[in-house]
Amino acid sequence: MDQLLQALKDSITVGSLYALIALGYTMVYGILKFINFAHSDIVVIGALFSAVAAGAIVRLLNLPAGEAPPWWVGLLVLVSAMALCAGVAFLVERLAYRPLRGAPRLNCLITAIGVSLFLQNTGNQQVLFGTDPHRIPDLIANADPLFMIGQVKFRPLDGVIVGTAVGLMFVLNWLVFHSSAGRAMRAVSHDHRVASLMGINVNRIISMTFVIGAALAAAGGFLYALRYTTLTQPADTPWALLGLKAFVAAVVGGIGNIRGAVLGALIIASVENFGAAYLDSGLTDVYVFAILILVLLVRPGGLLGSAAIEKV
Amino acid sequence: MVPLLVGLALAVIAQLFLAPQLNAYDAGLVLNVGINIILAVSLTIVNGFTGQFSIGHAGFLAVGGYVAGAITYYTSIAIWGNAETHGGLLSSQSLNADTPVWYLARGDVLFAVAVLSGGIVAAGVGYLVGLPSLRLRGDYLAIVTLGFGEIVRVLIQQTSPTAKPQILRLADHPLDGQLVYRWTERTPEGLKTIYTAVDDTSPLRLVTRLGGSLGFADTPDYTSFFWVTLAVVITLVVAFRVKYSTFGRAFLSIREDEIASEAMGVDTTKYKVRAFVLAAFFAGVAGGLYAHFKSMNPNEIGFARSFDFVIMVVLGGLGSISGATIAAIIVTLLPEWLRFLEDYRMIIWSLALILMMIFRPSGLLGVREVWDLWLKPAGKKPAGPGSGGAVGRSDPPAQSPAAASGGTP
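**Student:** Just checking my understanding: could you explain the overall build of chain B for this structure?
**Tutor:** In terms of regular secondary structure, chain B is built from 15 helices and three strands. Partitioning the intrachain contacts of chain B with sequence separation of at least 6 by distance along the chain shows that 75% fall at a separation of at least 24.

**Student:** Just to check I follow, could you spell out unusual backbone geometry for this structure?
**Tutor:** Most peptide bonds take the trans form, and the phi angle of most residues other than glycine is negative. Unlike most non-glycine residues, A:Lys33 shows phi in positive territory, near 55°. Mapped onto the secondary structure, A:Lys33 falls in the loop between helix H1 (2-32) and helix H2 (39-61).

**Student:** Help me understand the packing of H2(A) against helix H3 (residues 71-97) of chain A, please; the structure alone is not making it clear to me.
**Tutor:** Working note: a packed helix pair is described by the angle between its axes plus the distance between those axes. Residue and element names in this part refer to chain A. In contact at an axis separation of 9 Å, H2 and H3 are set at 140° when each is read in the N-to-C sense. The angle between H2 and H3 places the two elements in the oblique class. The way H2 lies across H3 gives a crossing that is right-handed. When H2 is examined against H3, the residues Ile42, Ile45, Gly46, Phe49, Ser50, Ala53, Ala54 and Ile57 are found in contact with a partner set consisting of Val73, Val77, Ser80, Ala81, Leu84, Cys85, Val88 and Ala89. A per-class count over the contact of H2 with H3 returns 13 nonpolar, three polar and no charged.

**Student:** Explanation requested: the environment of B:Ala283 in the structure shown.
**Tutor:** Residues and elements named next belong to chain B. Tracing the chain through its elements places Ala283 in helix H10 (residues 268-291). Classification of Ala283 as buried rests on a count of 35 C-beta atoms within 10 Å. Considering only alpha carbons, one finds Ala283 and Ala78, 205 residues apart in sequence, at a separation of 27 Å. Setting aside anything within four residues of it in sequence, one finds Ala283 in contact with Leu39, Ser42, His57, Phe60, Leu61, Gly64 and Ala122.

**Student:** Just to check I follow, could you spell out the nonpolar core for this structure?
**Tutor:** Within soluble globular proteins, side chains that are nonpolar generally end up buried alongside one another. Within the largest apolar cluster, 210 residues are counted, with the highest numbers of intra-cluster contacts made by A:Tyr18, A:Ala22, A:Cys85, A:Ala265 and B:Ala40. Apart from residues lying up to four places away in sequence, A:Ala22 is in contact with A:Ala246, A:Ala249, A:Ala250, A:Ala261, A:Gly264 and A:Ala265.

**Student:** Can you walk me through the packing of H2(A) against helix H4 (residues 105-123) of chain A in this structure?
**Tutor:** Residues and elements named next belong to chain A. At a closest axis distance of 9 Å, the pairing of H2 and H4 adopts a crossing angle of 20°. Classified by the angle between their axes, H2 and H4 sit roughly parallel to one another. In this structure, H2 crosses over H4, and the sense of that crossing is left-handed. Seen from H2, the contacting residues are Asp41, Val44, Ile45 and Leu48; seen from H4, they are Ser116, Leu119, Gln120 and Gly123.

Conventions and cut-offs
- Residues numbered from 1 in each chain as written.
- Chains lettered and ligands numbered in written order.
- Predicted model: local features only at pLDDT ≥ 70, side-chain atom pairs only at ≥ 80, totals over all residues.
- Helix = DSSP H or I, 4+ residues; strand = E, 2+ residues; numbered from the N terminus.
- Contact = placed C-beta atoms within 7 Å.
- Axes fitted to C-alpha atoms, helices over the stretch in contact; angles between N-to-C directions.
- Parallel < 35°, antiparallel > 145°, perpendicular 65-115°, else oblique.
- Left-handed = near helix turned anticlockwise from the far one by under 90°.
- Nonpolar A, V, L, I, M, F, W, Y, C, P; charged D, E, K, R; others polar.
- Buried ≥ 20, exposed ≤ 12 C-beta atoms within 10 Å, placed from the backbone.
- Core = buried A, V, L, I, M, F, W, Y, C linked by C-beta atoms within 7 Å.

What follows is the structure, encoded as structure tokens:
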């Protein structure tokens, strides 16, 4: 019972992390039909910047040992990480992706790989994050659990992760489905030629999509840093795998579909955590990719995605 | 037949006259270039000719490499009691005094069989990976190949890390004649060699010992200029023969317009699967060569490696065999040449990649081959590959990428 509850709790926390990252993949794909492989590097920038910035602020405050910093430190770090990543994504879109609008998609893919390599190796420079692992200081008093069910502890950190993620998703939901910018975004995603005829500035909407996706990714990176504390260098494989899993989540839910990304993230996190708890914990990545292939074979458009009708 | 004989002669010449001229570092680079040419050209069959979108090519490399490596390693132990090279003159990486006079020895036969088996197993896996293309197209197929590559990597990582069992030949040791693990340990009296018996000697259990996340090292080094040149020539000949045959025209027609080619009577699914199988076979062979040259390591066969091959294919021009060959040479050598830049090496490389895609989106050669550059008058713009034809780069999305490559997935 404890094992079941623990796996369920972990699925929801990790799932909300994945969801934040998956949303960026799915929004960009929905509009440009293009897999943004550099998205995971935005997450890395968010996470590492959070660690560095939080470390600097905590040192500046000069707190007595063992005391958690005031609540606004976390918020400040989160907001500045989101702003930084949004800026980076804006520049990437403007300089690397926009010249390729309408180019064959293999070219877009290679450009994305190039951008990804660029961000990784720039981040690896000593003046930026360097190659040493970073550690984020404790921003939340996390020692005492909020409450316990059986032996499973529900810590404040779990609450913060899920709360932040859900809050941001509500903001996104409002932005996409209840604002005029969101309506423009959906129109571009549906058919950008007609959308531009209706007076929508397509390039601006695409920039906006990248910026929003990157801000969510930065939040994901911040929460990831809080949960896993020790962060390795930007070019390390676990980062790529994190991005890949979020991407798989987006595909499983139906890429291009915002609610599907959240559903897919929860499914992927459950597959991982329940697989680790009840089957072999070394093979979690195999389960994830096996689920991906299975879902695509049964429903080629993903769970919530619509099957495209081929027109001749 | 003639090109193959020429290739054989070239291979012998490369081994006997070129190899002794180079130092170990340069020789390693040349072998690496050769192996990458095989991989780039084989991926051209899927991504370039057929217009499918495979980004899991390193998975086939891994399958072929591990199968071939396991065959030579464990068969060598069964036959000779150790995993040394037992080849002749044509499979030696360095020619020294104790090199045998025979050109080909028993070890070479074992090696050739192992590499071919690696290719065949990889082709079988390629068949399985190609099957989903029944239902999936475009990006979704790409994602499945990516997932396949990652599954292969993780499964290999989970194999038993203890490798290198060998038959002990020490008359005064109690374990003489048995299969043992051997390692050295530092003791106060100095280094001491320790032997422990392998707990289970069932061949099936042994074969699952592929080094796990530590990598499968200590495979005998058979890969030489001779074998690599031969494999490169065979790959190139097959690729050209395919490209200019009816068989290959079917591939090209799928790339240009899948629906139209189906209307013309091409069984698109069958041809897509065939492309996958053919590409996987050569990737498996390349893997076999790689395994007997460097050690296989699961950290080096992830999707980053697959992307390297996609980069080679796109840089060369989709569908151009000579382009892929040239791109393979550049992509392998350029990071080495940029070594003087030290930390900034990869930044420059990634920028070069992005700029290349912006300013020359059709790759070095487009769909043409090298010799077409002379045959066609300059100034006449060649038609790009199906999806990369007319590219309106200045105006906002003129055509959705999905529509450009023939229907949304």
